[in-house]
2 protein chains.
Amino acid sequence: MSRRGLLGLAVGGGVAGLAVGMGAGLTGGVALGRARAGEGANPVYEFFGEHQAGITTPVQDHLHFASFDMMPRTDRDDLISLLQDWSYAAARMTQGLEVSASGAVNGPAEAPPDDTGEALGLPAAGLTLTIGFGPGLFENEDGDRYGIASRRPAGLERLPAFLGDDLDPQASHGDLCIQACADDPQVAVHAIRNLSRIAFGRARLRWSQLGFGKTSRTTATQATPRNLFGFKDGTANILADDAAALADHVWVAADDEPAWMTGGSYLVARKIAMLIETWDRVRLSEQDTIIGRDKGEGAPLSGGDEFTAPDFHGSEIDANSHVRLAHPEQNGGVRILRRGYNYVDGNNALGRLDAGLFFLSYQRDPAQFIALQRRLSTDRMNEYIRHVGSGIWAIPAGAAPGSYVGAELFA
Amino acid sequence: MSRRGLLGLAVGGGVAGLAVGMGAGLTGGVALGRARAGEGANPVYEFFGEHQAGITTPVQDHLHFASFDMMPRTDRDDLISLLQDWSYAAARMTQGLEVSASGAVNGPAEAPPDDTGEALGLPAAGLTLTIGFGPGLFENEDGDRYGIASRRPAGLERLPAFLGDDLDPQASHGDLCIQACADDPQVAVHAIRNLSRIAFGRARLRWSQLGFGKTSRTTATQATPRNLFGFKDGTANILADDAAALADHVWVAADDEPAWMTGGSYLVARKIAMLIETWDRVRLSEQDTIIGRDKGEGAPLSGGDEFTAPDFHGSEIDANSHVRLAHPEQNGGVRILRRGYNYVDGNNALGRLDAGLFFLSYQRDPAQFIALQRRLSTDRMNEYIRHVGSGIWAIPAGAAPGSYVGAELFA
Ligand code: HEM
Ligand code: HEM
């Protein structure tokens, strides 16, 4: 396989061709997929657009998150061609198509197939593929490999060390990331596997994480899911139809720096191990106190129902409860869009499940996450969690049909 | 927590009570669950019955498989009470209920809740819980701890070493197993987590495995799924409505030994790593040859469609293809019921996905699996797989309402 990759696309070639072929049929976020179904049961989300999909998109049931490092001795053209090939294949797969026209079984019998085939016959299952650029892509110990060091967003640097961090380098950082979300894990895994394969010779999987049972929501019609502490999670999240909150807290604005990030966002991933066996021995009233909401309804302890605003003036909500410390009122109005998933990675030698929250948040500026995470240093919940992985990526705006994710960075 | 466990059930107590409370409403495999839905979208399977559920049950989308070891210094009463508590909680959870009546939020505020809560509000999602007894339960280096050594089925012993085995003890063996299958992974994970918790002081999780995207099927109405080699898997499987094949190959018959296993089966689990990056470089024609079927349709290379019987007399199907070696015609009529799942456990340091097939098969006698696996020693597929985990368990018949799984063993 050549470094130009599996699909053999020339720089500037494939994506434009695809856009012509596919752009036509796309309307309202739903396009003709391999096995199109009703939007409810089997949504199909457009890959091209103002913003990348997978941020405000109604949170799908499954996640395969992958972090990549560029290979040594790759150059600017390699990076651009990789982003083009990824955009080409991602646009196809999110529509329920195989990575290329010849796919798994329609190519020459004497060659390895373009597509690995395990999603043949499956619908798009709401697949979104969201591509990001880590700090190391712009500059690392090998220098400014791709001629983009001067274009690095000022805030895009490895997150500072936080109190209690216990980070595993095998679950942290990375030059590039792809967040694959879908309602069928086989579809998400197929996408990451094929995008890794397409990266051959240019980028290599650094770490990856499967997640299930979303722990957040981005639309009011989604019931609030529960995390592995058994609490509703996502109640106070920023929702997709709250244009003002998105503009204030999630999307990089036209007058923010740098200009190539306009319409983009910053993604923070934190792999947070939850000591669930210890948590499970905590009495119910104490669990409620730690979170600041009640386990049954998710109502703030100051009263009302799940969607009543918490009132921090009385003493019902503990000063070091998670919800109080994380609330905008306690953080100068800072908000973030959360999009995490539960994970279970087997168990340890003591028979305890290796489980937790794969926390994902989108924000207009990394400083938002940093402020919140610092504020959480006195969180009563910290006794029951350990941050074991960390990463940050700039998520460029969506690609226009005929272009690729990140094109503005190289313009 | 006492050794008698979380639910505080006395020997012979809880399960009978449950059966009275629940048995009444159970008809045709569907009962009132916490959030009952139509059978199609959200089936509810009965826990009690002639056979344990989760064997011929239409294969659900997700798996959480758990292997347990009994704790040192536990006695026969501990084991019986554990099986009673598990049966009690399993019968409730498979109906979409919490582990106990007070559950996650209706118990005393000053005690840890009985149920961990993350499945609150979720339907049963087709949950089945299938309980098995490993060879070490009957006798191990500590001797006949539970007074059942003389009742061990003759065939229930650790599988022999097979050519190419590369077994990890952390993914092998175990005194007890629970196979949790559901259409929602959160429901399967909730079940294993709560059953582990109930086992406190009596048994401890030894290893566990998540799986997705079933690689088999047990009803003709289920479309044949694809495994991570991109091939249809489950085409020639034993189906739930094939009573003759089930009687011949899956259920332990009344005149088989020992009598307490009548209506049961034997479960073999093999964690099989698939070298997918290597496989993905194999040309399509060669992939077809290795399997003995074509990747697109799953038709045997001797011609016809997916459900045409393969013809091994010509030269189209390679002598060492997987399907030929595994076929009953080449194995004196031996058949098994396969029920495996795909797994992805992240990736290794070279950036290769740690992925494969969590193979599960049910058979009337462990000898069936052993014969097939020996026959597969010349399988061309072996170049692309590694068996890394192994386990075998006796799966007793289903419990009668008012009883518990395995009661006949202690009678
Ligand atoms: C395992 C770790 C965590 C768990 C179990 C957890 C759980 C929760 C729960 C149950 C809520 C209340 C319901 C809701 O509004 O969603 C909540 C709210 C929130 N959490 Fe977390 N969380 C975790 C980590 C974090 C982290 C690392 C951050 C950010 C640094 C964060 C930020 C927030 C915010 C901003 C809210 C909404 C507060 C409000 O506006 O009322 N959480 N979390
Ligand atoms: C990663 C490992 C494996 C893969 C990828 C795999 C894949 C397949 C495929 C694609 C088929 C053809 C479709 C079908 O009938 O389901 C098949 C059939 C079969 N496999 Fe496997 N298999 C694996 C391991 C095993 C093992 C370990 C056994 C038993 C020891 C086994 C026993 C069978 C049997 C009995 C059949 C049906 C043969 C027939 O009646 O035509 N397989 N397998």
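Residues numbered from 1 in each chain as written. Chains lettered and ligands numbered in written order. Predicted model: local features only at pLDDT ≥ 70, side-chain atom pairs only at ≥ 80, totals over all residues. Heavy atoms only, no water.

A. Up close: the coordination of the iron atom of ligand 1. Here the protein supplies the iron atom of ligand 1 with just one donor, A:H322 (NE2), and that contact is 2.0 Å long. One can find A:H322 in helix α8 (residues 322-326). (Donors = N, O, S within 2.8 Å, 3.2 Å for Na, K, Ca; no water. Helix = DSSP H or I, 4+ residues; strand = E, 2+ residues; numbered from the N terminus.)

B. Representation of the site of ligand 2 in the model. All names here are of chain B. Around ligand 2 lies a shell of 27 residues, among which G234, T235, A236, H322 and R338 are the nearest. In this structure, an oxygen atom belonging to ligand 2 sits 2.9 Å away from a main-chain N or O atom of A236. Side-chain polar atom of H322 to a nitrogen atom of ligand 2: 2.8 Å apart, as the coordinates give it. Of all the secondary-structure elements, those providing two or more residues to the shell around ligand 2 are β5 (265-274), α8 (322-326), β8 (353-363), α9 (366-375) and β9 (385-395). When the residues that make up the shell around ligand 2 are grouped by side-chain class, the tally is 16 nonpolar, seven polar and four charged. (Near = heavy atom within 4 Å. Polar contact = N/O pair within 3.5 Å; in protein donor to acceptor, adjacent residues only side chain to side chain. Nonpolar A, V, L, I, M, F, W, Y, C, P; charged D, E, K, R; others polar.)

C. Region of the structure containing unusual backbone geometry. Residues and elements named next belong to chain A. Residue P258 is reached from E257 by a cis peptide bond, and omega for that bond is -15°. Within the element layout of this structure, P258 appears in the loop between α5 (243-249) and β5 (265-274). Look at R73: it is not a glycine, yet its phi comes out positive at around 65°. By secondary structure assignment, the location of R73 is in the loop between β1 (62-70) and α2 (76-94). Taking the relative accessible area as the measure of exposure, R73 reaches 73% and is therefore exposed. (Buried < 20%, exposed > 50% of the residue type's maximum accessible area, 1.4 Å probe, protein only.)

D. Region of interest: the UniProt feature "domain: Dyp-type peroxidase N-terminal" (unreviewed entry) in chain A. The feature "domain: Dyp-type peroxidase N-terminal" (unreviewed entry), as annotated in UniProt, sits at residues 52-212 of chain A in this numbering. For residues 52-212 of chain A, the helix share is 23%, the strand share is 20%, and the end-to-end C-alpha distance is 21 Å. (UniProt positions renumbered as here; feature names shortened; annotations may be inferred.)

E. Molecular detail of the interface of chain B and chain A. On the chain A side, the residues contacting the 53 residues of chain B number 53 residues. Interface of chain B and chain A: buried area, both sides summed, is about 4300 Å²; carbon and sulfur atoms make up 58% of it. Area buried by chain B at its contact with chain A is led by B:R193, B:D280 and B:L284, which between them contribute 14% of it. Run the count over chain B and chain A and you get five salt bridges. In this structure, A:D280 and B:R193 form a salt bridge, with 2.8 Å as the shortest nitrogen-oxygen distance. Per-element tally for the side of chain B that touches chain A: the top contributor is strand β4 (residues 203-212) of chain B, with seven residues. (Contact = heavy atoms within 4.5 Å. Buried area = accessible area lost by both parts, 1.4 Å probe. Salt bridge = Lys/Arg side-chain N within 4 Å of Asp/Glu carboxyl O.)

F. Up close: helix α4 (residues 185-198) of chain B. All names here are of chain B. Along its 14 residues, α4 runs 20 Å from first to last C-alpha, staying within 8% of the 20 Å computed at 1.5 Å per residue. Most of α4 is tucked away: 14 of the 14 residues are buried. Structurally, the start of α4 carries an N-cap: the backbone nitrogen of Q186 is 2.8 Å from a side-chain oxygen of D184. (Expected span 1.5 Å × (residues − 1).)

G. Geometry of the relation of the copies chain B and chain A. Once chain B has been moved 0.0 Å along the axis and rotated by 180°, it coincides with chain A to within an RMSD of 0.0 Å. The two molecules are tied by a two-fold rotation axis, judged by turn and shift. Minimal C-alpha distance to the rotation axis in chain B is attained by B:D345, lying at 3.5 Å. Most of the interface of chain B is mirrored in chain A, where 100% of its interface residues are also at the interface. (Least-squares fit on C-alpha atoms with pLDDT ≥ 70 in both.)

H. A look at the pattern of salt bridges. Residues and elements named next belong to chain A. Tallying each qualifying case throughout the model produces 27 salt bridges over all chains. Between D318 and R380 there is a salt bridge, and its shortest N-O distance comes to 2.9 Å. Linking D318 in the loop between α7 (284-291) and α8 with R380 in the loop between α9 (366-375) and β9 (385-395), this pair joins segments that are 62 residues apart in sequence. On the accessibility criterion, D318 (22% relative accessible area) is partly exposed. Assessed through its relative accessible area of 29%, R380 is described here as partly exposed.

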